[in-house]
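# Fold and contact review
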Amino acid sequence: MKQLKYSLICEDVAHKTFVETVLPLFIRHTNESFDFIFDADFYYRFKARNSKDVLKRYADAAIVAFRDYDMDLLLIGVDYDDRDRSAFNKELDGLYGAVNEVVRDKSVIFFPVQAIEHWLLFIKFRIENPGSTKNISTDIEKIIRKKAKVDFFGESRMPRDKQKKMIVEIVGQIDIKWLISRSESFKRFYNDFKCFLTQT
Amino acid sequence: MLQRVNIKNYRSLKDVTVDLQQVNLLIGPNNSGKTNFLKAFEFLSTFINRHSFSLDYFLMSYFRMSVTKIKNRMNEPISFSFSIKLSDGKYGLYILEISGANKNNEPIYREFAGISKKNIQIEEIDNVRLFLDDLVDFGIVVNNAHRWKILQDFEIPVTDDKRFVLVLNQDKELEMRKKSWLTNDLIEYVDEGFLFDFGNIFKDIIIYKPDTNRIAEPGKLGVEQFINADASNLVSFLDNIRDIHPEIYERIKFDLNECLDEFSDLRFIKVERDGVLYKKIGLIDKRKKIFWAEELSEGTLYFLALLSIIHQPNPPKLLLLEEPEKGIHPRRIHEVMEYIFRLADEKKIQIVLTTHNTQLVDEFEDTPQSVFVFEMINGATEIKNLNKDIIEPANKKSEETGLPFIRYTELLGEKWFQGFIGGVP
């Protein structure tokens, strides 16, 4: 099995746990055969605390990742932070545009509308309502971020360990196909990741 | 001025080499070895200036543990090597090695001092160290005032063809050995200039960490001539210096006004506590209003302490300062650092600072060679020079890979905080 070394620049533990959990499921879903090795050294060196932190460092950190760490893939996580989805593609293209073209193909940005908690709420809805055909995209993506956090975790400042546990449990039950059909931002992440795999 | 410093087996400093500049900045996470680096200078100063020749006694009092315990812990010798640029343009080399005990279970230390016309390279330091390995039973001459006297009495010949080392044998007698291996003009002679420069650099090295809570306390009536490590005797020092060194007192007032222009003068008032007279200090503002110490900000008190440390009579030639930004408003940091750079140049003081403050790091954007990044790797401190070990290799790699250069020194503090230069928790 081919090994791929990857790392992350993202906003918080929710981002990190989400990606670490969903990555093997993506691989399974795409019928590819890769073994992803996480570079913790790079992650902790460039660890960010919020979107501002990520935005300030990701473009130059991408250079360091591929120049000094011999990375195969860099995942960059930043929340879209807006209920109005109209500028989503333009903003995401702008984010990609800031990454140097030499390493852009090896960088995948996940950019949830509005935040990672919204993707988690989608997954939770699907688990709780497996037979529902309701298009709940607008309902979920309109929830303000603070409320989405409380809706998912039950409180606004959930300890990191508990957050991780809850995310691993929920994401482990993700219905990728369904989520792609409901969340445009998740669909873009999945497609960009798949595109990276096909190029590798 | 100290140039190359190599320290081995002192606390977390297993083997580190740095090339010091005039004003140096140490950055890195907590417990990465920054304070140990400063303590190494303090240790050496204490060793050089000790009054007893008993190594056992010195080690016991320094490490505060029994000699047996110290010796058991000393698997590898503690070693300090320094190259020094002397005032006459030559270079001095000093090596000290302290090991636990020799085969007779006697404590061993070996010192080496010499002068070179050219800058001393690390390989040459290693050559000398290899030579020292053959001299297990000898202490080598040396800088202690008493022993320097012996050295001068020995009438060292100053000629180009004579290269030598001086050894103090077990019977404490001096002998001179010519050594042909000392090539490249490494060790030529030891003169008074070297003794003066060396003695001055290592005289009374103190790690200054002014404690603003203690500075504000009333002090004894002026008796203090020097500032202590936490600057708790500041009031007493200023009260004393006003009478015995009015020119220094005036300079402190002048510089205070230049940096903190709201204050123009100092005042003292006697206060009585339990029948004992003390003095407390105050600053006068432009409207002639007095602000007593307890009303002054931490930053103002800290700055006053800093001025006093630098201006004290016979100020240290090597000034060690821990986190000088503490209590200072972020907008004042630039002014304080400008002042530190200016005084370092003016008074020929070498300064080593530690910090956790990104704005202070920004002050070194134009001098990345003066920034040292500390990290703890497997229990040992690793020190990288920002320019030589981080920026230059990164730029070289960028060139090779066709990737753009990262502007490391643009918003340097921010780059450090973001993780680009390492030294982050």
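The structure we're discussing is the one just above.
Everything in this summary refers to the structure shown in the same document. (Residues numbered from 1 in each chain as written. Chains lettered and ligands numbered in written order. Predicted model: local features only at pLDDT ≥ 70, side-chain atom pairs only at ≥ 80, totals over all residues. Heavy atoms only, no water.)

Time to look at the overall build of chain A. Counting its regular elements, chain A contains 11 helices and four strands. Rg of the C-alpha trace for chain A: 16 Å, near the compact-globule value of 16 Å for 200 residues, within the 12% margin. Its C-alpha atoms give chain A principal-axis dimensions of roughly 45 × 35 × 35 Å. The burial tally for chain A puts 52% of its 200 residues in the buried class. Restricting the contact set of chain A to residue pairs at least 6 apart, pairs at least 24 apart contribute 76%. On chain A, the mean spot of the 34 positive side-chain charges and the mean spot of the 31 negative ones are 3 Å from each other. (Helix = DSSP H or I, 4+ residues; strand = E, 2+ residues; numbered from the N terminus. Rg over C-alpha atoms; globule rule 2.2 N^0.38 Å. Buried < 20%, exposed > 50% of the residue type's maximum accessible area, 1.4 Å probe, protein only. Contact = heavy atoms within 4.5 Å. Lys, Arg positive; Asp, Glu negative; His and termini not counted. Charge placed at Lys NZ, Arg CZ, Asp CG, Glu CD.)

Here we come to the overall build of chain B. Each helix and strand in chain B was counted, giving 14 helices and 18 strands. Classification of the 425 residues of chain B by burial places 53% in the buried group. Sequence separation of 24 or more characterises 61% of the internal contacts of chain B that already satisfy a separation of 6 or more. Carbon and sulfur atoms make up 47% of the accessible area of chain B, which amounts to about 19500 Å² in all. (Areas by Shrake-Rupley, 256 points an atom, 1.4 Å probe, with all protein chains shown as cover.)

What follows concerns the sheet that holds strand E16 (residues 350–354) of chain B. Residue and element names in this part refer to chain B. Judged by pairing direction, the sheet is mixed, and its six strands sit side by side in the order E10-E15-E16-E3-E17-E18 without closing on themselves. A strand with exactly one partner marks an edge of an open sheet, and here the two such strands are strand E10 (207–208) and strand E18 (380–385). Each of strand E3 (23–27), strand E15 (318–322) and E16 touches helix H11 (residues 330–346); the most contacted strand, E16, lies at about 150° to it. (Pairing = 2+ DSSP bridges. Axes fitted to C-alpha atoms, helices over the stretch in contact; angles between N-to-C directions.)

Glancing now at helix H10 (residues 298–311) of chain B. Along its 14 residues, H10 of chain B runs 20 Å from first to last C-alpha, staying within 8% of the 20 Å computed at 1.5 Å per residue. With 13 of 14 residues buried, H10 of chain B lies mostly within the body of the structure. (Expected span 1.5 Å × (residues − 1).)

As a general feature of sheets, a regular strand has side chains that alternate between the two faces. Residue and element names in this part refer to chain A. The buried count for strand E3 (residues 73–77) comes to five of five residues, which makes it a mostly enclosed element. Residues of E3 alternate between two faces, with Leu 73, Leu 75 and Gly 77 on one and Leu 74 and Ile 76 on the opposite face, all of them buried. In this structure, strand E1 (residues 2–9) lies alongside E3, joined through four bridges in parallel fashion. Note that in E3 the partner of Leu 8 across the bridge is Leu 75. In this structure, E3 lies alongside strand E4 (residues 107–110), joined through four bridges in parallel fashion. Paired with Leu 75 across the two strands is Val 108, which belongs to E4.

Glancing now at the side chain of Asp 192 of chain A. Within the secondary structure, Asp 192 of chain A sits in helix H11 (residues 184–199). Residues within four places of Asp 192 of chain A in sequence aside, it is in contact with Tyr 96, Val 108 and Ile 109 of chain A.

Attention now moves to the environment of Ile 215 of chain B. In this fold, Ile 215 of chain B is placed in helix H7 (residues 212–215). Those residues in contact with Ile 215 of chain B that lie beyond four places of it in its chain are Pro 210, Asp 230, Ala 231, Leu 234, Val 235, Leu 301 and Ala 305 of chain B.

This brings us to the packing of aromatic side chains. Enumeration over the complete set of coordinates arrives at 35 aromatic pairs over all chains. The interplanar angle of 80° and the centroid separation of 5.2 Å between the aromatic rings of Phe 37 of chain B and Phe 41 of chain B together place this pair among those described as edge-to-face. Placement of both Phe 37 of chain B and Phe 41 of chain B in helix H1 (residues 34–48) is noted, with a separation of four residues, approximately one turn of the helix. Accessibility expressed as a relative area gives 0% for Phe 41 of chain B, which makes it buried. With a centroid separation of 6.5 Å and 35° between ring planes, the pair formed by Tyr 249 of chain B and Phe 268 of chain B is classed as tilted. In this pair, Tyr 249 of chain B is assigned in helix H9 (residues 246–259) and Phe 268 of chain B in strand E12 (residues 263–273), connecting sequence segments 19 residues apart. Of the two residues, Tyr 249 of chain B and Phe 268 of chain B, both sit in the buried class. Across the ring face of Tyr 43 of chain A, the terminal group of Lys 16 of chain A is positioned such that the distance to the ring centre comes to 5.1 Å. (Phe/Tyr/Trp six-rings, centres within 6.5 Å; stacked < 30°, edge-to-face > 60°. Lys NZ or Arg CZ within 6 Å of the ring centre and 35° of its normal.)

All names here are of chain A. Packing of helix H6 (residues 116–128) against helix H8 (residues 145–153) leaves a shortest axis separation of 9 Å and a crossing angle of 40°. Relative to H8, the element H6 is oriented oblique. Along this stretch, H6 crosses H8, giving a crossing that reads as left-handed. Packed against H6, whose contacting residues are Glu 117, His 118, Leu 120, Leu 121 and Lys 124, the element H8 presents Arg 145, Ala 148, Lys 149, Asp 151, Phe 152 and Phe 153 at the interface. Its residues assigned to classes, the contact of H6 with H8 shows five nonpolar, one polar and five charged. (Parallel < 35°, antiparallel > 145°, perpendicular 65-115°, else oblique. Left-handed = near helix turned anticlockwise from the far one by under 90°. Nonpolar A, V, L, I, M, F, W, Y, C, P; charged D, E, K, R; others polar.)

All names here are of chain A. Spatial strand order, E2-E1-E3-E4: four strands in an open sheet with parallel pairing. Edge positions in the sheet fall to strand E2 (34–38) and E4, since each has one partner strand and no second. Along the sheet, successive strands turn relative to each other by an average axial angle of 30°, direction set aside. Bridging between E1 and E2 involves five bridges; their strand directions are parallel. Note on E2: the bridge partner recorded for Lys 2 is Phe 34. Relative to E4, H11 is tilted by about 170°, and along the sheet it contacts E1, E2, E3 and E4.

The next thing to look at is the pattern of salt bridges. Taken as a whole and judged by the stated rule, the model has 37 salt bridges over all chains. One salt bridge connects Arg 145 of chain A with Asp 81 of chain A, and the closest N-O pair in it is separated by 3.2 Å. Separated by 64 residues along the polypeptide, Arg 145 of chain A in helix H8 and Asp 81 of chain A in the loop between E3 and helix H4 (88–98) bring together distant segments of the chain. Judged by its relative accessible area of 38%, Asp 81 of chain A falls in the partly exposed class. The closest approach of N and O atoms between Arg 251 of chain B and Glu 346 of chain B, which form a salt bridge, is 3.1 Å. On the criterion of sequence distance, the pair formed by Arg 251 of chain B in helix H9 and Glu 346 of chain B in helix H11 is long-range, its members being 95 residues apart. Several salt bridges converge on common partners, so that one network encompasses Arg 251, Asp 255, Glu 258, Arg 342 and Glu 346 of chain B. (Salt bridge = Lys/Arg side-chain N within 4 Å of Asp/Glu carboxyl O.)

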